[in-house]
Amino acid sequence: MADLDNKDQTEMDPADMEDVEEVEEEETGEDNSKARQLTMQMMQNPQILAALQERLDGLVGSPSGYMESLPKVVKRRVNALKNLQVKCAHIEAKFYEEVHELERKYAALYQPLFDKRSDIVRAAYEPTDEECEWKQDEEEELTVSKQEEMKEKAKVEEEKKDEEKEDPKGIPEFWLTVFKNVDLLSEMLQEHDEPILKHLQDIKVKFSDAGQPMSFTLEFYFEPNDFFTQTVLTKTYKMRSEPDESDPFSFDGPEIMGCTGCTIDWSKGKNVTLKTIKKKQKHKGRGTVRTVTKTVPNDSFFNFFSPPEVPEAGELDEDSEAVLAADFEIGHFIRERIVPRAVLYFTGEAIEDDDDDYDEEGEEADDEEGEEEADEENDPDYEPKV
């Protein structure tokens, strides 16, 4: 009987065992929750984050030791693979050279359309009713009430236009509006630049001729104006599509190596890239004061045509490097986006597309993830993942 009693004391009912397991799971879940909260608190501490970042920065580029541990015969074969990779980089460079030739070919096909765009903008050509008809997609169709509102507004605008002595010609301030709509360009604009850019009639991209070093030129066409004597301002970007011998694996397509602007023949007193300031100077001996006039650089979009020169030997200072990096980005953006899609930047549609591509998806994903986490934590049955 004693043995049976001891056996009863040591063994448990299966239902009791389930209760114990549930308690253990709850305790484990509680421990994980506490660990998670502690981790979150640590990650919100700026000092801890800074220390972690410093540690990670120290690891970047440091060898893992794996390559050093490989047998010599395997290292030889890895070197053979790296030599193959260098040859791949040279083939890729040739690929981009041919892409550049295709760009030249298709630029000639686009140009008649861009020329007609320019004619419409500067009132050299009036499009027909058929050319002006724009068919909206079903998603773009307006409601009846909205259509009536738009008709009424158009009627008021027409009446107002009839009262004016002159109707506008072409599309006034087309390129200025494009520039003001694009953050990358509007940051360069100053108030004193706007009266000049109202005279901008067209921007063209010209690619280097076949057999010549890879480059492209931005041509800004102005109507005759009181600010400078030229009608065309140019900016040429020189490119390279070949791996750097000292670091062939860094090759990632053509890169801009330098750019050349043009000298603007400013009319007297119209140079917005310079400003005159007056300073008072006191003579050390006599104590007399005189006013000195100095000419200093002034912020202006037209500094775009006077980039820092890239020396053939030697390095640029940090400020010049930063200016050139921004300049290359702007030149590439004008070539790739602004010129081909100018009307969409004028209307703002391209800007909305850019915002959709780069901002909203990421924000929505973050919001959804945050909401999901919040819902899980508020769920009484929620168990943190181990």
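This one's a predicted model, so the numbers in the text were calculated from it and none came from an experiment.

Conventions we followed
- Residues numbered from 1 in each chain as written.
- Predicted model: local features only at pLDDT ≥ 70, side-chain atom pairs only at ≥ 80, totals over all residues.
- Heavy atoms only, no water.
- Helix = DSSP H or I, 4+ residues; strand = E, 2+ residues; numbered from the N terminus.
- Expected span 1.5 Å × (residues − 1).
- Buried < 20%, exposed > 50% of the residue type's maximum accessible area, 1.4 Å probe, protein only.
- Salt bridge = Lys/Arg side-chain N within 4 Å of Asp/Glu carboxyl O.
- 1 Å grid on protein atoms, 1.4 Å probe; cavity = no way out; pocket = protein on both sides within 12 Å on 5 of 7 lines; lining within 4 Å.
- Points joined across faces, edges and corners; volume = space filled by probe spheres on them.
- Nonpolar A, V, L, I, M, F, W, Y, C, P; charged D, E, K, R; others polar.
- Patch = residues over 30% accessible without salt bridge, like charges linked within 9 Å, V, L, I, M, F, W, Y side chains within 5 Å.
- Areas by Shrake-Rupley, 256 points an atom, 1.4 Å probe, with all protein chains shown as cover.

With respect to helix α11 (residues 318–338)
Working note: α-helix, 3.6 residues per turn, so residues spaced by three or four point in the same direction.
(1) Moving on: For α11, which comprises 21 residues, the first-to-last C-alpha distance of 28 Å matches the rise-based estimate of 30 Å (1.5 Å per residue) to within 8%.
(2) Moving on: Among all positions of α11, only Ser320, Leu324, Asp327, Phe328, Ile330, Gly331, Phe333, Ile334, Arg335 and Ile338 are buried.

Let's talk about the pattern of salt bridges
Side chains that differ in charge, positive against negative, can pair when their charged atoms come close.
(1) Moving on: Following the criterion strictly, the structure yields eleven salt bridges and no others.
(2) Moving on: Between Lys235 and Asp327 there is a salt bridge, with its nearest N and O atoms 2.7 Å apart. Pair noted here: Lys235 is in strand β3 (residues 232–240) and Asp327 is in helix α11, with a separation of 92 residues, a long-range link.
(3) Moving on: Classification of Asp327 as buried rests on a relative accessible area of 7%.
(4) Moving on: The network of salt bridges with shared partners includes Glu103, Arg335 and Glu336.

Looking at the layout of surface pockets
(1) Moving on: There is about 800 Å³ of room inside the largest pocket.
(2) Moving on: Where the lining of the largest pocket is concerned, the elements lending two or more residues are α5 (72–121), α6 (129–132) and α12 (342–347).
(3) Moving on: When the residues that make up the lining of the largest pocket are grouped by side-chain class, the tally is 14 nonpolar, two polar and seven charged.

Let's talk about a nonpolar patch on the surface
(1) Moving on: On the surface, Leu102, Tyr106, Leu109 and Tyr110 cluster together into a nonpolar patch covering about 430 Å² of accessible area.
(2) Moving on: Residue Leu102 is classed as partly exposed on the basis of its relative accessible area, which comes to 47%.

Remarks on unusual backbone geometry
(1) Moving on: Phi is positive for Ala123, close to 65 degrees, though the residue is something other than glycine.
(2) Moving on: Among the secondary structure elements, Ala123 is positioned in the loop between α5 and α6.
(3) Moving on: Relative accessible area serves as the criterion here: at 37%, Ala123 is assigned to the partly exposed category.
(4) Moving on: In this structure, Glu173 takes a positive phi of about 55 degrees despite not being glycine.
(5) Moving on: Secondary-structure assignment places Glu173 in the loop between α7 (144–163) and α8 (174–181).

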